[in-house]
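Tertiary structure, described
Each chain is listed here by its residues.
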Amino acid sequence: GHLWTRSSTVTLTLPDRQTAVEIAGVEYRAESFQSPQYYGYRVTWVPDRHRWISIEAEVIHAKVFAEADRAVRFLGTLRGVEIDEIRPLSSVVQRLAMSHGLNFIFANVAMRRELGPVDAQGMHRFVMVVRAGAGPTVAHTESAVDHVKRDHYQTGGLGAQVAGGLEATVWRRLAILGEYKFTWASPTLDVAGGQATVPTRSHHVVAGLSYRF
């Protein structure tokens, strides 16, 4: 899959450096097809008597990289001085990334609509699905603030998603799927000297395989 993360306002707080700023207009890239690639896993349970609903557990490994060379607006207190200025993000934050993942761990509820011809097991060939889910996030933070680097895993607070897609059986119990997702989270990341809160609102386009047991 691949995602596009909307620009957002990052809040950077560095108490020891007398810095508390909002950084508006931060843009992001995904590098979804570079190692480690974007991926996801999902396990779905469908009750035999109520096939219109299902319960799911899902893990999504997404990536978010702030575009440090882009001009952004700093508003607040920077190194003890009031500031309202447009300058490159890299003048303060040289790197801000969740490169080994802004990892979502979701519990979902899905609504299903089965369509098309029926196979020997009584299963329809096509299934339309809409789902919503929420759960914790785990971030691998890579940061450099005032050229001081930090690299670590940490919890990132709660995330949520809404999604919809289509599954099509191609051979026996094997199906292909296509899906659109919208996810949101606002992880607060530990950086050198303080914290950065990074609101992420992301569009995902996903393709994959599913197997029915």
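So, here is what we can say about the structure in this document. (Residues numbered from 1 in each chain as written. Predicted model: local features only at pLDDT ≥ 70, side-chain atom pairs only at ≥ 80, totals over all residues. Heavy atoms only, no water.)

1. Notes on the layout of surface pockets
- Estimated volume of the largest pocket: approximately 970 Å³.
- Contributing to the lining of the largest pocket are 39 residues, with Arg 42, Thr 44, Glu 167, Ser 210 and Tyr 211 lying nearest its centre.
- Breaking the lining of the largest pocket down by element, the ones donating at least two residues are β5 (39-45), β6 (53-66), β9 (93-118), β10 (124-145), β11 (148-171), β12 (174-185) and β15 (200-211).
- For the lining of the largest pocket, the element with the most residues is β5, which contributes seven residues.
- Residue classes in the lining of the largest pocket are distributed as 18 nonpolar, seven polar and 14 charged. (1 Å grid on protein atoms, 1.4 Å probe; cavity = no way out; pocket = protein on both sides within 12 Å on 5 of 7 lines; lining within 4 Å. Points joined across faces, edges and corners; volume = space filled by probe spheres on them. Helix = DSSP H or I, 4+ residues; strand = E, 2+ residues; numbered from the N terminus. Nonpolar A, V, L, I, M, F, W, Y, C, P; charged D, E, K, R; others polar.)

2. So, the packing of aromatic side chains
- According to the stated counting rule, one finds four aromatic pairs in the structure shown.
- Seen in terms of ring centroids, Phe 104 and Phe 106 are 5.2 Å apart; in terms of plane orientation they differ by 25 degrees. Their pairing is stacked. By the burial criterion, Phe 104 is buried, and Phe 106 matches it.
- Consider the rings of Phe 182 and Trp 184, whose centres lie 5.5 Å apart with planes at 40 degrees: the pair is tilted.
- Take Phe 182: its relative accessible area is 16%, and that puts it in the buried class.
- Across from the ring centre of Phe 74, 5.8 Å away, lies the NZ or CZ of Arg 87, which sits over that ring. (Phe/Tyr/Trp six-rings, centres within 6.5 Å; stacked < 30°, edge-to-face > 60°. Buried < 20%, exposed > 50% of the residue type's maximum accessible area, 1.4 Å probe, protein only. Lys NZ or Arg CZ within 6 Å of the ring centre and 35° of its normal.)

3. Considering unusual backbone geometry
- Of note, the bond from Ser 35 into Pro 36 is cis; its omega dihedral lies within 30 degrees of zero at -5 degrees.
- In this structure, Pro 36 sits in the loop between β4 (28-29) and β5.
- Its identity is not glycine, yet Arg 79 carries a phi of approximately 55 degrees, on the positive side.
- One can find Arg 79 in the loop between β7 (71-78) and β8 (81-88).
- Here the phi dihedral of Asp 146 falls at roughly 50 degrees; this positive angle occurs in a residue that is not glycine.
- One can find Asp 146 in the loop between β10 and β11.

4. Points about empty space enclosed by the protein
- Counted under the stated rule, the structure contains one cavity of 30 Å³ or more.
- The calculated volume of the largest cavity comes to roughly 40 Å³.
- Taken together, Tyr 28, Val 64, Ala 66, Leu 96, Ala 97, Met 98, Leu 189 and Val 198 make up the full set of residues lining the largest cavity.
- Elements with a minimum of two residues in the lining of the largest cavity: β6 and β9.
- Here the element with the most residues in the lining of the largest cavity is β9; it accounts for three residues.
- Here the lining of the largest cavity is built from residues that sort into eight nonpolar, no polar and no charged.

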